Amino acid sequence: MKRRYFLTAGAALAGAGLAPWALAAGPVRNQAAVEALVGQSFLAYENQRGVALELVAVNAGRSSPGHQQFSLTFRGAGATLKSGTYPMENGMLGKLDMYLEAREGGTWRADFSLLG
């Protein structure tokens, strides 16, 4: 699914009272809260095996009043995760599911589009 269609569908579902993964990530309330976690370790679970990833950046996206878009960039030494949705865990955020898009150079990106 193309990113543009995913973001559009996510916004439509949120408006209908349904919660796609990026909007339902309960602990992720806003960009500023996540920026405080840069440098922290996250575990991404693949087949019940935890893969350590470090949050290395939070990048602002297009936002408007009542709507925030941003992306997280993770790095993992030796990690080989493919693009997909993974259960994630962090000491401050707890557990949540995230769609990680595999990027070049051993990095992954997670996009968020939050309403409210």
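In short, a report on the structure.

Basis of the calculations
- Residues numbered from 1 in each chain as written.
- Predicted model: local features only at pLDDT ≥ 70, side-chain atom pairs only at ≥ 80, totals over all residues.
- Heavy atoms only, no water.
- Pairing = 2+ DSSP bridges.
- Helix = DSSP H or I, 4+ residues; strand = E, 2+ residues; numbered from the N terminus.
- Axes fitted to C-alpha atoms, helices over the stretch in contact; angles between N-to-C directions.
- Phe/Tyr/Trp six-rings, centres within 6.5 Å; stacked < 30°, edge-to-face > 60°.
- Buried < 20%, exposed > 50% of the residue type's maximum accessible area, 1.4 Å probe, protein only.
- Core = buried A, V, L, I, M, F, W, Y, C linked by side-chain atoms within 4.5 Å.
- Contact = heavy atoms within 4.5 Å.

Next up on the list: the sheet that holds strand E3 (residues 67–75). Read once around its circumference, the closed barrel built from six strands follows the order E1-E2-E3-E6-E5-E4, with strand pairing classed as antiparallel. The mean inter-strand angle of the sheet, taken between neighbouring strand axes irrespective of direction, is 45°. Two elements, strand E1 (residues 41–46) and strand E2 (residues 49–60), share six bridges in a ladder whose sense is antiparallel. Residue pairing across strands places Ser41 opposite Glu54, the latter belonging to E2.

Enumeration according to the criterion identifies two aromatic pairs in this entry. Arranged with centres 5.2 Å apart and planes meeting at 75°, the rings of Phe42 and Phe74 form a pair that is edge-to-face. Of this pair, Phe42 sits in strand E1 while Phe74 sits in strand E3, and the two are 32 residues apart along the sequence. Taken individually, Phe42 and Phe74 each receive the classification buried, so the pair is uniform in this respect. Their ring planes at 10° and their centres at 5.4 Å tell us that Phe70 and Phe112 sit as a pair that is stacked. Placement of Phe70 in strand E3 and of Phe112 in strand E6 (residues 107–115) is noted, with a sequence separation of 42 residues between them. No difference in accessibility class separates Phe70 from Phe112, as the two residues are buried.

By size, the foremost hydrophobic cluster in this structure holds 24 residues, and its most contacted members are Leu53, Leu72, Phe74, Met88, Met98 and Leu100. Put simply, the parts of the chain that give this core at least two residues each are E1, E2, E3, strand E4 (84–90), strand E5 (94–103) and E6. Residue contacts for Met88: discarding those within four places in its chain leaves Phe42, Leu43, Ala44, Leu53, Phe74, Gly94, Lys95, Leu96, Met98 and Leu100.

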